Amino acid sequence: LREGALSFYELLEIAPDADERTITRAFRTLSKSTHPDHNRAATANEDFQALKHVYDVLRAPTTRASYNLKLRFARAARAKFAATRAAAGSPPPP
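Residues numbered from 1 in each chain as written. Predicted model: local features only at pLDDT ≥ 70, side-chain atom pairs only at ≥ 80, totals over all residues. Heavy atoms only, no water.

Engineer: Can you help me understand the overall build of the protein in this one?
Structural biologist: Scanning the protein for helices and strands turns up four helices and zero strands. Along the protein, helices and strands appear, N-terminal first, in the series α-α-α-α. Each principal axis of the C-alpha distribution contributes one length, and for the protein these read about 50 × 30 × 15 Å. The burial tally for the protein puts 27% of its 94 residues in the buried class. In the protein, the share of contacts with a sequence separation of at least 24, taken over all contacts with a separation of at least 6, comes to 51%. Element-wise, carbon and sulfur atoms account for 57% of the exposed surface of the protein, whose accessible area totals about 6,800 Å². Each charge class in the protein was averaged separately, 15 positive and 10 negative side chains, and the resulting centres sit 4 Å apart. (Helix = DSSP H or I, 4+ residues; strand = E, 2+ residues; numbered from the N terminus. Buried < 20%, exposed > 50% of the residue type's maximum accessible area, 1.4 Å probe, protein only. Contact = heavy atoms within 4.5 Å. Areas by Shrake-Rupley, 256 points an atom, 1.4 Å probe, with all protein chains shown as cover. Lys, Arg positive; Asp, Glu negative; His and termini not counted. Charge placed at Lys NZ, Arg CZ, Asp CG, Glu CD.)

Pasting the structure below:
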């Protein structure tokens, strides 16, 4: 997860503890505006494939658990890095 990047939960606009029904509902709502059949933007296909990947990861318990672990690790690493920089008197990264 890159600095400033949205988490999969933020992309779907759902809580991290959302159930499968909520995940599916959010995916279907967003897919209506991103699916290439309904969106003529040059990036529509790429955007929909990215949304589908997010959905596939979050709807399967095993991949969701793995994603959650990576997300927690990335956030903890960022917090530790920021604390180290603050203690050294360096400004936080932009």
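Moving on from the model shown.
Engineer: What is the right way to read the nonpolar core from this model?
Structural biologist: Across soluble globular proteins, nonpolar side chains show a tendency to be buried alongside one another. Grouped together as the largest cluster of nonpolar side chains are 16 residues, with contacts concentrated most on Phe 8, Tyr 9, Leu 12, Ile 14, Ile 23, Leu 58 and Tyr 67. Elements represented by at least two residues in this core include exactly helix H1 (8-12), helix H2 (20-34), helix H3 (44-59) and helix H4 (61-87). It is H3 that provides the largest number of residues to this core, a total of six residues. If we skip the residues at most four places from it in the chain, Tyr 67 touches Ser 7, Phe 8, Tyr 9, Val 57 and Leu 58. (Core = buried A, V, L, I, M, F, W, Y, C linked by side-chain atoms within 4.5 Å.)

Engineer: Explanation requested: the pattern of salt bridges in the structure shown.
Structural biologist: Side-chain pairing between opposite charges can occur once the charged atoms of the two side chains come close. Counted by the stated rule, this structure contains two salt bridges. A salt bridge links Lys 52 to Asp 56, with the shortest nitrogen-to-oxygen separation between them at 2.7 Å. Pair noted here: Lys 52 and Asp 56 are both in helix H3, with a separation of four residues, about one helical turn. Owing to a relative accessible area of 28%, Asp 56 belongs among the partly exposed residues under this scheme. With its nearest N and O atoms 3.5 Å apart, the salt bridge here joins Arg 59 to Asp 56. Placement of both Arg 59 and Asp 56 in helix H3 is noted, with a separation of three residues, approximately one turn of the helix. (Salt bridge = Lys/Arg side-chain N within 4 Å of Asp/Glu carboxyl O.)

Engineer: What am I meant to see in the confidence of the model for the protein here?
Structural biologist: In low-pLDDT segments, the atomic positions of the prediction should not be examined closely. When pLDDT is averaged along the protein, the result is 88, and 90% of the positions lie at 70 or above. By mean pLDDT, the top-scoring element of the protein is H2 (96), and the lowest-scoring one is H4 (88). (pLDDT = per-residue confidence, 0-100.)

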